[in-house]
Amino acid sequence: QLQLVESGGGLVQPGGSLRLSCAASGFTFRSHAMSWYRQAPGKERELVAFIDSGGGTVSYADSVKGRFTISRDNAKNTVDLQMNSLKPEDTAIYYCNRPYGKNWGQGIQVTVSS
């Protein structure tokens, strides 16, 4: 019953911005930390950002630090990723999930290109 539905991706030029949103259901969202991950073709999936259950503690991969912001709304069961100053190397499929989660949603494509 666990469902994770990512939205908000698309094509953007370098330097542009996108906001991703993840709608979660099937578990007690407010009790779990959440993360955003990404995977580029031919590469390993990597952790991009983390937020604890209450939203008070966040962390980011060095590659996105200062450009991306993770946030959550426990009343809406959503976790967002605001992405600014996008670079071509940010191109990937982005996923949300609980840390160590085994079930994955479809992910959402982000393409940064001129």
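For the structure given in this document, a descriptive report is provided here.

Analysis parameters
Residues numbered from 1 in each chain as written. Predicted model: local features only at pLDDT ≥ 70, side-chain atom pairs only at ≥ 80, totals over all residues. Heavy atoms only, no water. Pairing = 2+ DSSP bridges. Helix = DSSP H or I, 4+ residues; strand = E, 2+ residues; numbered from the N terminus. Axes fitted to C-alpha atoms, helices over the stretch in contact; angles between N-to-C directions. Phe/Tyr/Trp six-rings, centres within 6.5 Å; stacked < 30°, edge-to-face > 60°. Buried < 20%, exposed > 50% of the residue type's maximum accessible area, 1.4 Å probe, protein only. Contact = heavy atoms within 4.5 Å.

1. Some points on the sheet that holds strand β5 (residues 46–51)
No. 1: Read from one edge to the other, the open sheet built from six strands follows the order β2-β10-β9-β4-β5-β6, with strand pairing classed as mixed. Of all strands in the sheet, those with a lone pairing partner are β2 (10–12) and β6 (58–60), marking the two edges. Within this sheet the neighbouring strands show an average axis-to-axis angle of 25 degrees, counted without direction.
No. 2: Bridge count for strand β9 (residues 92–97) against strand β10 (residues 108–112) is three bridges, and the pairing is antiparallel. Opposite Ala92, over in β10, you have Val110 as the bridge partner.

2. Some words on the packing of aromatic side chains
No. 1: Inspection of every chain in the model, using the stated rule, returns three aromatic pairs.
No. 2: Consider the rings of Tyr37 and Trp104, whose centres lie 5.2 Å apart with planes at 75 degrees: the pair is edge-to-face. Residue Tyr37 is found in strand β4 (residues 34–39), and its partner Trp104 is found in the loop between β9 and β10; the two are separated by 67 residues along the sequence.
No. 3: Judged by relative accessible area, Trp104 falls into the partly exposed class, the value being 30%.

3. Things to note about the environment of Ala49
No. 1: Relative to the elements of secondary structure, Ala49 occurs in strand β5.
No. 2: By relative accessible area, Ala49 is classed as buried at 1%.
No. 3: Excluding anything up to four places from it in sequence, Ala49 contacts Met34, Ser35, Trp36, Ser59, Tyr60, Ile70 and Leu81.

4. Considerations on the pairing of β10
No. 1: Alternating residues of β10 divide into Ile108, Val110 and Val112, all buried, and Gln109 and Thr111, none buried.
No. 2: Across three bridges, β2 lies against β10 in parallel orientation. Counterpart to Val12 in the pairing with β10 is Val112.

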